[in-house]
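Coordinate inspection notes
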Amino acid sequence: MISVANRIHVKPEYHDAFEARFRDRAGLVDGMPGFIANHVLRPTRDGDPFVVLTFWESHEAFEAWTTSDAFRQGHARSGTLPKDAFSGPNVLEIHEVVAR
């Protein structure tokens, strides 16, 4: 199993809108083979990023998601926030889960 953490720096005035994007998400990832879970973590300290955390059965399952039509469709909706809503580039991290 792997986890994929996408750390996204969002300006405070856009926090509510950013969270709403995930509450109202298309949910296309939910039916992907190998998908386990999706969590959106809100920062508790000023300046820290949101973390969009997904879990996958394998790296291959995650890669299949990123190259799928469902991925393109789901992320087409993500353009609802202006570029100035983000205070820096996002950082993608992939980890193997070694203990639960």
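This section reports on the structure supplied with the text. (Residues numbered from 1 in each chain as written. Predicted model: local features only at pLDDT ≥ 70, side-chain atom pairs only at ≥ 80, totals over all residues. Heavy atoms only, no water.)

Brief notes about the overall build of the chain
Each helix and strand counted, the chain has three helices and four strands in total. Put simply, the chain runs from its N terminus to its C terminus through helices and strands in the order β-α-β-β-α-α-β. In terms of overall size, the chain behaves like a compact globule, its C-alpha atoms giving a radius of gyration of 14 Å where 100 residues would be expected to give roughly 13 Å. For the chain, the residues scored as buried account for 31% of the 100 residues in total. Pairs at least 24 residues apart make up 74% of the contacts formed inside the chain by residues separated by at least 6 positions. Here the chain displays about 6,500 Å² of accessible surface, and carbon together with sulfur accounts for 52% of that area. Here the chain contributes 11 positively and 14 negatively charged side chains, and the mean placements of these two sets differ by 3 Å. (Helix = DSSP H or I, 4+ residues; strand = E, 2+ residues; numbered from the N terminus. Rg over C-alpha atoms; globule rule 2.2 N^0.38 Å. Buried < 20%, exposed > 50% of the residue type's maximum accessible area, 1.4 Å probe, protein only. Contact = heavy atoms within 4.5 Å. Areas by Shrake-Rupley, 256 points an atom, 1.4 Å probe, with all protein chains shown as cover. Lys, Arg positive; Asp, Glu negative; His and termini not counted. Charge placed at Lys NZ, Arg CZ, Asp CG, Glu CD.)

Quick word on the environment of Asp-84
You can see Asp-84 is positioned in the loop between α3 (69-76) and β4 (91-96). The spacing of Asp-84 and Lys-11 is 73 residues in sequence and 8.2 Å in space, taken between C-alpha atoms.

A look at the packing of aromatic side chains
Under the definition given, this model contains six aromatic pairs. Grouped by ring-pair contacts, the aromatic residues Phe-35, Trp-56, Phe-62, Trp-65 and Phe-71 constitute a single cluster. (Phe/Tyr/Trp six-rings, centres within 6.5 Å; stacked < 30°, edge-to-face > 60°.)

Thoughts on the pattern of salt bridges
Overall, the coordinates contain five salt bridges when judged by the stated rule. Across the pair Glu-19 and Arg-42 runs a salt bridge, and its minimum N-O distance is 2.7 Å. Separated by 23 residues along the polypeptide, Glu-19 in helix α1 (residues 15-23) and Arg-42 in the loop between β2 (35-41) and β3 (50-56) bring together distant segments of the chain. Owing to a relative accessible area of 13%, Glu-19 belongs among the buried residues under this scheme. (Salt bridge = Lys/Arg side-chain N within 4 Å of Asp/Glu carboxyl O.)

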